[in-house]
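# Topology and contacts: notes
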Amino acid sequence: MRTIEVLGSGCANCNRLEANAREAVTMAGVEAEVLHVTDPREIVGRGVMSTPGLVIDGKVVSAGRIPSAGDIAAWLNEG
Amino acid sequence: MTTTALSRPGRFPRLPLPVVAGAAAAAWLVAWIVEAPAADWFTFSVLNLEHGSHFGEAVGFFLEDMPKVLLLLSGIVTVVTLIRSFFPPERIRPLLVGRGLLPGSLAAAGVGVITPFCSCSAVPLFIGFVEAGVPLGVTFAFLISSPMVNEVALVMLWGLFGPWIALAYMDAGLTVAVVGGLIIGKLGLERYVEDYVWELQGRPSTAIVVKLSWSDRLTDALAYTRTLVRKLLPYLVVGIGLGALIHGYAPTDLVAAIGGRSNPLAVPLVVLMAVPMYSNAAGTIPIVQALLGKGMPLGTTLAFMMAVTAISLPEFVILRRVMKLPLLAVFIGVVSTGIIGIGYLFNFLAN
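As a starting point, this report considers the structure included with it.

Cut-offs and rules
Residues numbered from 1 in each chain as written. Chains lettered and ligands numbered in written order. Predicted model: local features only at pLDDT ≥ 70, side-chain atom pairs only at ≥ 80, totals over all residues. Helix = DSSP H or I, 4+ residues; strand = E, 2+ residues; numbered from the N terminus. Rg over C-alpha atoms; globule rule 2.2 N^0.38 Å. Buried ≥ 20, exposed ≤ 12 C-beta atoms within 10 Å, placed from the backbone. Contact = placed C-beta atoms within 7 Å. Axes fitted to C-alpha atoms, helices over the stretch in contact; angles between N-to-C directions. Parallel < 35°, antiparallel > 145°, perpendicular 65-115°, else oblique. Left-handed = near helix turned anticlockwise from the far one by under 90°. Nonpolar A, V, L, I, M, F, W, Y, C, P; charged D, E, K, R; others polar.

### Let's talk about the overall build of chain A
- Secondary structure summary: chain A contains three helices and four strands in total.
- Walking chain A from its N terminus toward its C terminus, one meets helices and strands in the order β-α-β-α-β-β-α.
- Its C-alpha atoms give chain A a radius of gyration of 11 Å, within 12% of the compact-globule value 12 Å for 79 residues.
- For chain A, the spread of C-alpha atoms along the principal axes amounts to about 30 × 20 × 15 Å.
- Expressed as a percentage of the 79 residues in chain A, the buried residues total 49%.
- Contacts in chain A between residues at least 24 apart in sequence constitute 64% of all its contacts with a sequence separation of at least 6.

### Notes on the overall build of chain B
- The helix and strand tally for chain B stands at 16 helices and two strands.
- Considering chain B as a whole, with its 351 residues, one finds that 42% of them fall into the buried category.
- A separation threshold of at least 6 residues defines the contact pool for chain B, and within that pool the share at least 24 residues apart is 87%.

### Focus on the packing of helix α3 (residues 89-96) of chain B against helix α4 (residues 101-114) of chain B
Residue and element names in this part refer to chain B.
- Between α3 and α4, the least distance of the axes is 10 Å, while the angle of their chain directions is 165 degrees. On the basis of the axis angle, α3 is roughly antiparallel to α4. When you trace α3 past α4, the crossing you get is right-handed. Side by side, α3 and α4 meet where Ile 92, Leu 95 and Leu 96 of the first sit next to Gly 104, Ala 107, Ala 108 and Val 111 of the second.
- Along the lines of polarity and charge, the residues of the contact of α3 with α4 split into six nonpolar, one polar and no charged.

Printed below as a string of structure tokens:
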């Protein structure tokens, strides 16, 4: 079971990233849960200051941008 | 502080990236050159409107300005977003730690120009700066400068009104940011930062900078430009339409009566008007253009533009999560006073 975390305060960009992440899970055909981290302390604690951030299995893979579902799927398959 | 770099898989575009970028740049340049004569020809030869008539001038203004602003906006935002992708706050923060108040505020206001800023990131940014030991005043210098002075606004001002107004705007914005940072730093308002932010200070902090390929950066830049232009389009149509009406019909005294030199309260008035409006700096340009063209003085116009971008209610609501009310009030007070002061100063200097 993989874990994908979307770091963001619930802004429009964060929701778009979450949607992309969910689509990526389907594309990659892996089993993963997608969580949304909204606590700013937690976000900064992960080393991210520009939201939205994306964390896969505890590793920050992007910050301050919205990677496409294809990109996220590639990361999922890679890890 | 450590900086971790992560690699990521690259993606290959169908055509070589330099070819696509070069072709796009060439097309942009051609459009930029033929745009004004084409609009002129269309208005006065094809539509056969009369030169000097109210209607003809209004239509000509709209047809010339709409593509011009769209071209400027899309071209500049793409290039600027590309440049900005090299300066995320995670990379900027180490430059601001452990500096004195004045050098720190100067540096923060300066890097605020190139760092991307989104009000939804304001809270993690604030916490990230404070916990790493960036002084409070320096953090505020950044928070003021980043949304207000940005390259998009500067290049748009440059393209439409020439270098002097662009430089004036930059100087004004940087001054407000540095002075604001100094004042907030000197006042010693640390106790008005929400307590939990301080509890985080001093924990080992790792700012993560993810490596990006050129293809990533370009894709992001184009996607961002598309979103921004789409978001701003209605405002541009209204703004330029308004500008066109003013250009063709409005007597100059109307604008002069409200915003002109004869009204000593014009500067605070436009700042107050700007509070409920919030827009990206670029979105205010058509309105600024119409106002300047109708004789609103430079200082009043710049004050309006700065207020629209820097004084934003939604951002204050967001920032309330990390600062107590007195600090927020000082922040708003310092910024509005600074903007009003700058407005008066420029009106005085331009006299």
